[in-house]
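Each chain, letter by letter, is given below.
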Amino acid sequence: MKYLCKQAAEVLALCLVLPAIVFYRLGRLALGAKAFPGWSQLFSLVPGLTGVYLRRNFYRFVLAGCGRDACISFGTIFSHPSARIGNKVYVGAYCVLGDVTLEDDVLLGSQVSVINGAGQHGIDRLDVPIREQAGSFPRITIGRDSWIGERAVIMADIGRHCVVAAGSVVTRPLADYAVAAGAPAKVLRYRLPSEQQESRESKSESHEPVGALPQMGR
C-alpha cells in the first residue's frame, strides 16, 4: 500500500511540474543556460514533502541526470543544468550546488556549498577588474556513499566512501575512504580494515601525495 501511495504521489507531482518543464524548455531556446537558475530558485521554495516530490520530478527532466529516489531539500539551488544526481542521494536544506556529479548514496548536510574550484576568477592583473579576469571551472565529483557534513565547502573532487566533517573546506582532491576535517581539510584517517590502513600509512610516510592515491575511482 505504501508503495502504491508513493507511486501515485510521483505521478501527481510529475503532472504538476509538466507545465514548468515546458516553459523552462521554451525559455532555454531563447536564453540558453541563463533560463535555468530562476526555475531552480522557484522550486527551492516549495516546503515539506510536497517540495521534495516536485523538485525531484522537475529535475529528472531538466538536469543532466537525477535519480528517481533522490531527495533534494528545501532551499537548495543549482546553478547549472549540467549537474548529475545519483540514486538514493540526500541533499540537505539550503545547499548551493554548481556543475557537480553526486554519485549514488551521497549524503550532503544542510548548507553545503559545492563550487567549481578555487580559481573561478583571475587576480593577477590590477588594471582589469577581477570580474573580467578569466578563471577555471572544473567539474566536481563526489563519489559514491560519501557523507559531507553541514556547512562544508567543497572545491575539489571527493572519492568514494569518504566522510568530510562539518564546516570543513576541501581545497584538494580526497582519495577513496578518506575521513577529513578542517579548513583547509586534512585527512585524519581512512575507513579501511587495519591491515589496509597500515599499508596506506606506510605509503604516506614515503611522501606519496595523498591526493594522488590510486583509489580515486569514479
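Quick caveat: nothing in here was measured; it's all calculated off a predicted structure.

Trainee: Hey, could you run me through the overall build of the protein in this one?
Mentor: In terms of helices and strands, the protein carries 4 helices and 16 strands. Within the protein, buried positions represent 40% of all 218 residues. Long-range pairs, those at least 24 residues apart, make up 32% of the contacts in the protein between residues at least 6 apart in sequence. Working note: accessible area of the protein is about 11900 Å², and carbon and sulfur atoms make up 60% of it.

Trainee: Hey, could you run me through the sheet that holds strand 15 (residues 178-182) in this one?
Mentor: Hydrogen bonds along the backbone pair up the strands of a sheet, which may run parallel or antiparallel. With respect to topology, 7 strands assemble into an open sheet ordered 2-5-8-11-13-15-16, the strand pairing being mixed. The open sheet has two edge strands, strand 2 (71-72) and strand 16 (185-190), and neither has a second partner. Both strand 11 (residues 147-148) and strand 13 (residues 163-164) contribute to a ladder of 2 bridges, which runs parallel. Its bridge partner lying in strand 13, Ile148 is registered against Val164.

Trainee: Please clarify how the pattern of salt bridges should be interpreted in this entry.
Mentor: If the charged atoms of two oppositely charged side chains come close together, the side chains can form a pair. Counted by the stated rule, this structure contains 8 salt bridges. Between Glu10 and Arg56 there is a salt bridge, with the nearest N and O atoms lying 2.7 Å from each other. With a gap of 46 residues between them, Glu10 in helix 1 (residues 2-31) and Arg56 in helix 3 (residues 48-60) connect regions that are remote in the sequence. Accessibility classification places Glu10 together with Arg56 in one group, the buried group. With a shortest N-O distance of 2.1 Å, Arg139 and Asp99 are connected by a salt bridge. With a gap of 40 residues between them, Arg139 in the loop between strand 9 (113-114) and strand 10 (140-142) and Asp99 in the loop between strand 6 (96-97) and strand 7 (100-102) connect regions that are remote in the sequence.

Trainee: So what exactly am I meant to see when it comes to the sheet that holds strand 4 (residues 84-85) here?
Mentor: With parallel pairing, 4 strands are arranged side by side in an open sheet as 1-4-7-10. The two strands at the open ends of the sheet, each matched to only one other strand, are strand 1 (65-66) and strand 10.

Trainee: I would appreciate a short explanation of the packing of aromatic side chains in the present structure.
Mentor: Two measures describe an aromatic ring pair: the distance that separates the ring centres and the angle between the ring planes. Following the criterion strictly, the structure yields 8 aromatic pairs and no others. Measuring from centroid to centroid gives 4.8 Å for Tyr59 and Phe78, while their planes differ by 65 degrees, and the two rings are edge-to-face. With Tyr59 in helix 3 and Phe78 in strand 3 (residues 77-78), the pair connects residues that are 19 residues apart, well separated along the chain. This pair shows no difference in class: Tyr59 is buried, exactly as Phe78 is. It is Arg56 that lies over the ring of Tyr53; its NZ or CZ is 4.9 Å from the centre.

Trainee: I keep staring at the packing of helix 1 against helix 3 and nothing clicks. Help me out?
Mentor: What describes two packed helices is the angle between their axes and the distance between those same axes. Relative orientation of the contacting elements helix 1 and helix 3 amounts to 60 degrees, with a least axis distance of 8 Å. Put simply, helix 1 runs oblique to helix 3. In this structure, helix 1 meets helix 3 at a crossing whose hand is right-handed. Mapping the contact onto sequence places Lys6, Ala9, Glu10, Ala13, Leu14, Leu16, Val17, Ala20 and Ile21 in helix 1 and Tyr53, Leu54, Arg56, Asn57 and Phe58 in helix 3.

Trainee: Could you clarify how one ought to interpret the environment of Ala175 in this entry?
Mentor: By the secondary structure assignment, Ala175 is in the loop between strand 14 (169-170) and strand 15. Of the residues examined, Ala175 reaches a relative accessible area of 0% and is grouped as buried. For the pair formed by Ala175 and Gly143, sequence separation is 32 residues and the distance between their alpha carbons is 9.6 Å.

Reading the values: rules and limits
- Residues numbered from 1 in each chain as written.
- Predicted model: local features only at pLDDT ≥ 70, side-chain atom pairs only at ≥ 80, totals over all residues.
- Heavy atoms only, no water.
- Helix = DSSP H or I, 4+ residues; strand = E, 2+ residues; numbered from the N terminus.
- Buried < 20%, exposed > 50% of the residue type's maximum accessible area, 1.4 Å probe, protein only.
- Contact = heavy atoms within 4.5 Å.
- Areas by Shrake-Rupley, 256 points an atom, 1.4 Å probe, with all protein chains shown as cover.
- Pairing = 2+ DSSP bridges.
- Salt bridge = Lys/Arg side-chain N within 4 Å of Asp/Glu carboxyl O.
- Phe/Tyr/Trp six-rings, centres within 6.5 Å; stacked < 30°, edge-to-face > 60°.
- Lys NZ or Arg CZ within 6 Å of the ring centre and 35° of its normal.
- Axes fitted to C-alpha atoms, helices over the stretch in contact; angles between N-to-C directions.
- Parallel < 35°, antiparallel > 145°, perpendicular 65-115°, else oblique.
- Left-handed = near helix turned anticlockwise from the far one by under 90°.

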